[in-house]
Amino acid sequence: MSEIWDEEAMLKRLAVPLKEARRMSIYGNEGRIFLIAAADSYGYDIDQEGNILLKNGAKMDSKHPDYISIIESAKKQAGNESSVGRDL
């Protein structure tokens, strides 16, 4: 029996949306490890809600100079390494 859909073609069409899903996974349990690793590399911690914490324990504001760098670093790593969608 022949396949109704071409798996390789489907995976090519899904490549960009899957990469974005992996990048955004830093905001959930699946990609939390990437956010933790990025924050740690800058000397910060992450709380249970996924907030980046300053050294005094306060939540880092999104205007903090390191905030965007941490988020982008985490997204980049998650985009390349996350397991989201790998079971397709």
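Conventions we followed
- Residues numbered from 1 in each chain as written.
- Predicted model: local features only at pLDDT ≥ 70, side-chain atom pairs only at ≥ 80, totals over all residues.
- Heavy atoms only, no water.
- pLDDT = per-residue confidence, 0-100.
- Helix = DSSP H or I, 4+ residues; strand = E, 2+ residues; numbered from the N terminus.
- Axes fitted to C-alpha atoms, helices over the stretch in contact; angles between N-to-C directions.
- Parallel < 35°, antiparallel > 145°, perpendicular 65-115°, else oblique.
- Left-handed = near helix turned anticlockwise from the far one by under 90°.
- Contact = heavy atoms within 4.5 Å.
- Buried < 20%, exposed > 50% of the residue type's maximum accessible area, 1.4 Å probe, protein only.
- Lys, Arg positive; Asp, Glu negative; His and termini not counted.
- Salt bridge = Lys/Arg side-chain N within 4 Å of Asp/Glu carboxyl O.
- Core = buried A, V, L, I, M, F, W, Y, C linked by side-chain atoms within 4.5 Å.
- Polar contact = N/O pair within 3.5 Å; in protein donor to acceptor, adjacent residues only side chain to side chain.

1. Structural notes on the confidence of the model for the protein
Caution applies to low-pLDDT parts of the model: their predicted coordinates are not meant to be read in detail. Per-chain confidence: the protein averages 90 in pLDDT, with 93% of residues scoring 70 or above. Averaged pLDDT values over the elements of the protein bottom out at 87 in helix α1 (residues 7–24) and peak at 98 in strand β2 (residues 52–53).

2. Observations concerning the packing of helix α2 (residues 32–41) against helix α3 (residues 67–81)
It is the contact of α2 with α3, at a shortest axis distance of 8 Å, that shows an interaxial angle of 135°. Comparing their axes, α3 and α2 come out oblique. You can see that α2 and α3 cross each other, and the crossing is right-handed. Contact residues: α2 offers Phe-34, Leu-35, Ala-37, Ala-38 and Ala-39, while α3 offers Ile-70, Ile-71, Ser-73, Ala-74, Gln-77, Ala-78 and Glu-81.

3. With respect to the side chain of Lys-75
Along the chain, Lys-75 falls in helix α3. For the buried Lys-75, no salt bridge is present, and the opposite-charge side chain at shortest range is Glu-72, 4.3 Å distant. Contact partners of Lys-75, with chain neighbours within four places excluded, come to Arg-23, Met-24, Ile-26 and Tyr-27.

4. Description of the nonpolar core
Counting residues in hydrophobic clusters, the biggest one holds 13 residues, and the most contacted among them are Ile-26, Leu-35, Tyr-44, Ile-52 and Ile-70. Of all elements in the fold, only α2 and α3 reach the threshold of two or more residues within this core. Other than its neighbours up to four places away in sequence, Tyr-44 contacts Ala-39, Ile-52, Leu-53, Leu-54, Lys-55, Met-60, His-64, Asp-66 and Ile-70.

5. Describing the side chain of Arg-22
Inspection of the secondary structure assignment puts Arg-22 in helix α1. Of the side chains with opposite charge, Glu-30 comes closest to the buried, unpaired Arg-22, at an N-O distance of 8.8 Å. A distance of 2.8 Å separates a polar atom in the side chain of Arg-22 from the backbone oxygen of Val-84. The contacts of Arg-22, once residues within four sequence positions are left out, are Ala-78, Gly-79, Ser-82, Val-84, Gly-85 and Arg-86.

6. What about the environment of Asn-51?
Summarising the element assignment, Asn-51 is placed in the loop between β1 (45–46) and β2. Linking Asn-51 and Ser-62, residues 11 residues apart in sequence, is a C-alpha distance of 10.0 Å. The contact partners of Asn-51, leaving out residues within four places of it in the chain, are Asp-45, Ile-46 and Lys-59.

7. Considerations on the pattern of salt bridges
Taken as a whole and judged by the stated rule, the model has three salt bridges. Glu-8 is the partner of Lys-12 in a salt bridge, and the nearest nitrogen-oxygen pair spans 3.8 Å. In this pair, Lys-12 and Glu-8 are both assigned in helix α1, four residues apart and thus about one turn of the helix distant. Taken as a pair, Lys-12 and Glu-8 share a single burial class, namely exposed. Note that Glu-20 and Arg-23 form a salt bridge whose closest N and O atoms lie 3.5 Å from each other. With a gap of three residues between them, Glu-20 and Arg-23 both fall in helix α1, about one helical turn apart.

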